[in-house]
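# Architecture at a glance
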Protein chains: 4
Amino acid sequence: MKRIIRIGVIGQSERPWEPLPQYLKDLSYRIGYLIAKEGWLLFSGGRDGVMEFASKGAKEAGGITVGILPSLTIKEANQYIDIPITTGLGMGMRSELMVQTVDAIIMIGGKNGTLKELSSAYMNSKPIVILRGSGELADSVQSIFYEGKYLDSRRNVEILFADSPEEAISILRSALEVR
Amino acid sequence: MKRIIRIGVIGQSERPWEPLPQYLKDLSYRIGYLIAKEGWLLFSGGRDGVMEFASKGAKEAGGITVGILPSLTIKEANQYIDIPITTGLGMGMRSELMVQTVDAIIMIGGKNGTLKELSSAYMNSKPIVILRGSGELADSVQSIFYEGKYLDSRRNVEILFADSPEEAISILRSALEVR
Amino acid sequence: MKRIIRIGVIGQSERPWEPLPQYLKDLSYRIGYLIAKEGWLLFSGGRDGVMEFASKGAKEAGGITVGILPSLTIKEANQYIDIPITTGLGMGMRSELMVQTVDAIIMIGGKNGTLKELSSAYMNSKPIVILRGSGELADSVQSIFYEGKYLDSRRNVEILFADSPEEAISILRSALEVR
Amino acid sequence: MKRIIRIGVIGQSERPWEPLPQYLKDLSYRIGYLIAKEGWLLFSGGRDGVMEFASKGAKEAGGITVGILPSLTIKEANQYIDIPITTGLGMGMRSELMVQTVDAIIMIGGKNGTLKELSSAYMNSKPIVILRGSGELADSVQSIFYEGKYLDSRRNVEILFADSPEEAISILRSALEVR
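Analysis parameters
Residues numbered from 1 in each chain as written. Chains lettered and ligands numbered in written order. Predicted model: local features only at pLDDT ≥ 70, side-chain atom pairs only at ≥ 80, totals over all residues. Heavy atoms only, no water. Helix = DSSP H or I, 4+ residues; strand = E, 2+ residues; numbered from the N terminus. Rg over C-alpha atoms; globule rule 2.2 N^0.38 Å. Least-squares fit on C-alpha atoms with pLDDT ≥ 70 in both. Contact = heavy atoms within 4.5 Å. Salt bridge = Lys/Arg side-chain N within 4 Å of Asp/Glu carboxyl O. Buried < 20%, exposed > 50% of the residue type's maximum accessible area, 1.4 Å probe, protein only. Axes fitted to C-alpha atoms, helices over the stretch in contact; angles between N-to-C directions. Parallel < 35°, antiparallel > 145°, perpendicular 65-115°, else oblique. Left-handed = near helix turned anticlockwise from the far one by under 90°. Nonpolar A, V, L, I, M, F, W, Y, C, P; charged D, E, K, R; others polar. Expected span 1.5 Å × (residues − 1). Arc of directions from axis to C-beta. Phe/Tyr/Trp six-rings, centres within 6.5 Å; stacked < 30°, edge-to-face > 60°. Core = buried A, V, L, I, M, F, W, Y, C linked by side-chain atoms within 4.5 Å. Pairing = 2+ DSSP bridges. Right-handed = clockwise from strand over helix to strand, strands pointing away.

## A short note on the overall build of chain A
In terms of regular secondary structure, chain A is built from six helices and seven strands. Across chain A, helices and strands are ordered from the amino to the carboxyl terminus as β-α-β-α-β-β-α-β-α-β-α-β-α. The C-alpha atoms of chain A give a radius of gyration of 15 Å, which matches the 16 Å a tight globule of 179 residues would have. Taken along its principal axes, the extent of the C-alpha atoms in chain A is 45 × 45 × 30 Å.

Following this line, the structure appears as structure tokens:
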């Protein structure tokens with residue numbers, strides 16, 4: 001029987017006055033593409049920004065995409081979501097649910113919502129890979145890390161860094177193997 | 001763009017001393033099979049009993065199955081679940097989430113957990129079809145209905161009855177069209 | 001150390017065209033009053049109807065009232081709520097939460113929302129007392145009971161009936177003692 | 001009618017090998033004491049560490065304490081909790097619920113769980129005061145702040161700092177007045 005692997009991609013959404021920069025679109029797309037090529041399921045918050053481009057990449061590689069959405073309406077989902085889970089739980093709880101249900105997390109860029117998901121993934125001891133050079137919190141959050149790799153002195157799980165989408169996938173592959 | 005339709009199938013789980021009767025296995029399988037043939041997504045609680053046989057039917061018809069599970073472990077999912085959502089929310093909240101995220105509900109047999117989902121679907125004014133003759137609460141719950149088709153005098157949504165899996169699908173098709 | 005006892009009161013809310021009948025106001029008030037006199041905490045959905053009058057009774061007996069509310073705004077709470085929990089979880093999940101957090105349930109009248117809470121309390125094997133003669137589902141739901149006292153053949157917990165608020169309290173007192 | 005104000009206190013829990021340092025016990029106690037003296041309700045995660053000493057302070061000042069607990073058992077609550085909300089939602093979701101239901105947040109010390117609550121409070125634009133000098137993340141998190149006072153460039157709400165429990169209360173008083 002095929003083992004099911006669910007990867008959560010976290011990163012910033014867009015605002016009309018805050019469009020996703022092209023390099024983040026590319027990185028997100030590439031991550032999504034590679035996840036699907038591995039045969040893994042792509043989970044995200046299902047909305048725009050990093051979530052949308054990662055889902056687009058996964059779809060174009062023939063994968064399946066799941067969006068864990070805040071409200072009860074499917075209209076919130078981006079067009080690349082196959083399985084919309086319209087939770088009605090609101091922004092905060094739905095991202096908690098998303099993190100709880102996946103096997104590992106990849107972080108690309110990210111603002112506060114992404115920080116909360118990173119913190120939640122660490123709380124749940126999920127394997128986490130941060131894409132270095134993707135900007136925003138992905139590049140600044142390490143300054144509060146304990147020993148450069150934990151979110152606190154409890155050392156729940158070592159947070160890993162990758163310099164490219166390919167490396168991120170390769171790190172995850174290893175991390176998931178030992179589980 | 002293809003419209004996404006999510007159908008939740010509710011009905012009893014099994015206990016070692018309470019195996020699902022063959023006729024319920026058959027009805028559940030047939031419902032799942034027909035849902036997938038329509039191109040609809042099959043949602044359920046992801047565990048055994050009616051959930052398992054409906055998911056099996058959907059898989060054998062080439063469909064996609066989603067299981068909204070109570071705990072955090074994927075081991076709880078039956079083998080026909082493609083997309084396990086391991087919520088960690090517990091029995092009650094996870095079935096609330098399942099009902100909230102689907103577009104319509106089909107009820108087959110059912111014990112107390114199914115009653116709660118029926119009540120929740122009615123609260124959310126989702127189209128509901130009860131498979132008549134499938135036993136348990138599917139056959140007895142009408143005795144508390146208001147005017148024979150509502151769960152209370154507020155008339156949120158008319159609860160419909162079907163005499164066969166084929167009729168259930170046909171009723172849902174109409175109900176979903178007008179939405 | 002004082003033992004903390006939390007009692008959930010469930011029953012219908014009001015609509016402008018569906019005001020709570022005077023006898024239900026009186027029964028709800030009396031139940032709330034007696035709960036507080038026992039030194040128990042009164043939990044409810046925190047809104048109008050049975051919830052409001054039970055909370056009023058509890059306050060006038062010097063008790064403490066908790067309201068587990070659907071939305072994020074405190075304005076939804078009735079004026080007798082001391083501790084508003086503004087969950088943002090929506091109607092269905094918040095009532096699930098309310099039932100999960102209490103030690104026992106008293107049901108007065110009730111429409112579909114109350115049925116869902118009754119079903120949820122039974123799922124969680126909480127002691128449940130239904131106030132007979134309070135109308136609506138409190139008087140009709142027994143017709144679907146298994147052996148006249150269970151919501152299904154799994155016999156999670158025996159559902160008890162009382163003919164007066166005083167008897168309801170007395171039954172709960174016994175039920176809670178043995179826990 | 002008295003206005004209800006709910007203050008959430010966040011900060012680290014204890015481990016057998018990680019007892020709360022005396023200065024954190026004192027600060028937490030003092031914060032809880034002052035919250036109760038204002039007539040505000042004290043909310044916390046209801047467990048040990050900062051949560052326990054803040055609740056102790058509030059009780060000794062005659063206040064009311066609410067604990068939003070992860071599991072379904074009241075045994076998890078510290079002895080100073082008046083109103084245990086046993087959510088069954090798990091660590092992550094219950095802290096989400098706690099933050100959503102309060103009017104403002106005070107942060108004392110804190111490890112990863114506290115970071116998640118800080119992030120969640122900012123997401124919900126709640127007034128937040130960090131007690132400077134209380135150690136751990138309370139002292140280090142500012143290094144990732146945007147413009148020294150926001151969790152990201154979206155500037156949801158300005159995060160404030162206080163040098164003493166008294167100043168924290170005074171800042172909150174002003175912040176709550178303008179709401």
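That was the structure; now back to the text.
## Looking at the relation of the copies chain D and chain A
With an RMSD of 0.0 Å, the fit of chain D onto chain A corresponds to turning through 180° and sliding 0.0 Å along the axis. Expressed as an axis order, the relation between the two copies is that of a two-fold axis. When C-alpha positions in chain D are compared against the rotation axis, the closest is assigned to Lys116 of chain D, at 2.6 Å. With an isologous cut-off of 70% or more, the 100% of interface residues of chain D that recur at the interface of chain A puts this contact in the isologous class.

## Quick look at the pattern of salt bridges
By the definition in use, this model includes 44 salt bridges over all chains. For the salt bridge of Arg47 of chain B with Glu76 of chain B, the shortest nitrogen-to-oxygen distance reads 3.8 Å. You can see Arg47 of chain B sitting in the loop between β2 (41-44) and α2 (50-60) and its partner Glu76 of chain B sitting in the loop between β3 (65-69) and β4 (83-86), a full 29 residues away along the chain. With a relative accessible area of 19%, Arg47 of chain B lands in the buried category. Accessibility expressed as a relative area gives 26% for Glu76 of chain B, which makes it partly exposed. For Arg173 of chain D, the salt bridge is made with Glu38 of chain D, and the minimal N-O distance between the two is 3.0 Å. Of this pair, Arg173 of chain D sits in helix α6 (residues 165-177) while Glu38 of chain D sits in the loop between α1 (22-37) and β2 (41-44), placing them 135 residues apart in sequence. The exposure class assigned to Glu38 of chain D is partly exposed, which follows from its relative accessible area of 31%. One network of salt bridges, with partners in common, ties together Glu96 and Lys116 of chain A together with Glu96 and Lys116 of chain D.

## A closer look at the packing of helix α3 (residues 90-101) of chain A against helix α4 (residues 112-123) of chain A
All names here are of chain A. At their nearest, the axes of α3 and α4 sit 9 Å apart, and the two run at 40° to each other. Judged on the interaxial angle alone, α4 and α3 are oblique. Here the hand of the crossing between α3 and α4 comes out right-handed. Where α3 approaches α4, its residues Gly92, Ser95, Glu96, Met98 and Val99 are matched on the opposing element by Lys116, Glu117, Ser120 and Ala121. Residue classes in the contact of α3 with α4 are distributed as three nonpolar, three polar and three charged.

## Here's the deal with α6 of chain D
Each α-helix winds once per 3.6 residues, and so residues spaced three or four apart point in a common direction. Residue and element names in this part refer to chain D. Taking 1.5 Å as the rise per residue, α6 with 13 residues should run 18 Å; its terminal C-alpha atoms sit 18 Å apart, in good agreement. Residues of α6 that are buried: Pro165, Ala168, Ile169, Ile171, Leu172, Ala175 and Leu176. All buried residues of α6 project into a common sector of 165° when viewed along the axis, lining one side. Those residues of α6 hidden inside the fold are in contact with β1 (6-11), α1, β5 (104-108), β6 (128-131) and β7 (159-162).

## As for the packing of aromatic side chains
What the rule picks out here adds up to eight aromatic pairs over all chains. With a centroid separation of 6.2 Å and 50° between ring planes, the pair formed by Phe145 of chain A and Phe161 of chain A is classed as tilted. A residue pair is termed long-range when its members are at least 10 positions apart, and Phe145 of chain A in the loop between α5 (136-140) and β7 (159-162) and Phe161 of chain A in strand β7 qualify at 16 residues. There is no split in this pair, since Phe145 of chain A and Phe161 of chain A are both buried. The interplanar angle of 25° and the centroid separation of 6.2 Å between the aromatic rings of Tyr29 of chain B and Tyr33 of chain B together place this pair among those described as stacked. Within this pair, Tyr29 of chain B and its partner Tyr33 of chain B are both found in helix α1 (residues 22-37), separated by four residues, close to a single helical turn. Residue Tyr33 of chain B is classed as partly exposed on the basis of its relative accessible area of 24%.

## Remarks on the nonpolar core
The biggest cluster of nonpolar side chains holds 124 residues, and the ones touching the most others in it are Ile130 of chain A, Ile130 of chain B, Ile130 of chain C together with Ile130 of chain D. Among all residues touching Ile130 of chain D, those that are not within four sequence positions of it are Met107, Leu118, Ala138, Val141, Phe145, Ile159, Leu160, Phe161 and Ala162 of chain D.

## Description of the pairing of strand β6 (residues 128-131) of chain C
Residue and element names in this part refer to chain C. Of the two faces of β6, both are covered, the one formed by Ile128 and Ile130 as well as the one formed by Val129 and Leu131. Relative to β6, strand β5 (residues 104-108) is paired through three bridges, and the arrangement is parallel. The residue of β6 that forms the bridge with Ile105 is Ile128. Taking the sense of rotation as the criterion, the β-α-β connection linking β5, helix α4 (residues 112-123) and β6 turns out right-handed. As defined by bridge partners, β6 adjoins strand β7 (residues 159-162) across four bridges and the pair is classed as parallel. Of the residues in β7, the one forming a bridge with Ile128 is Ile159.

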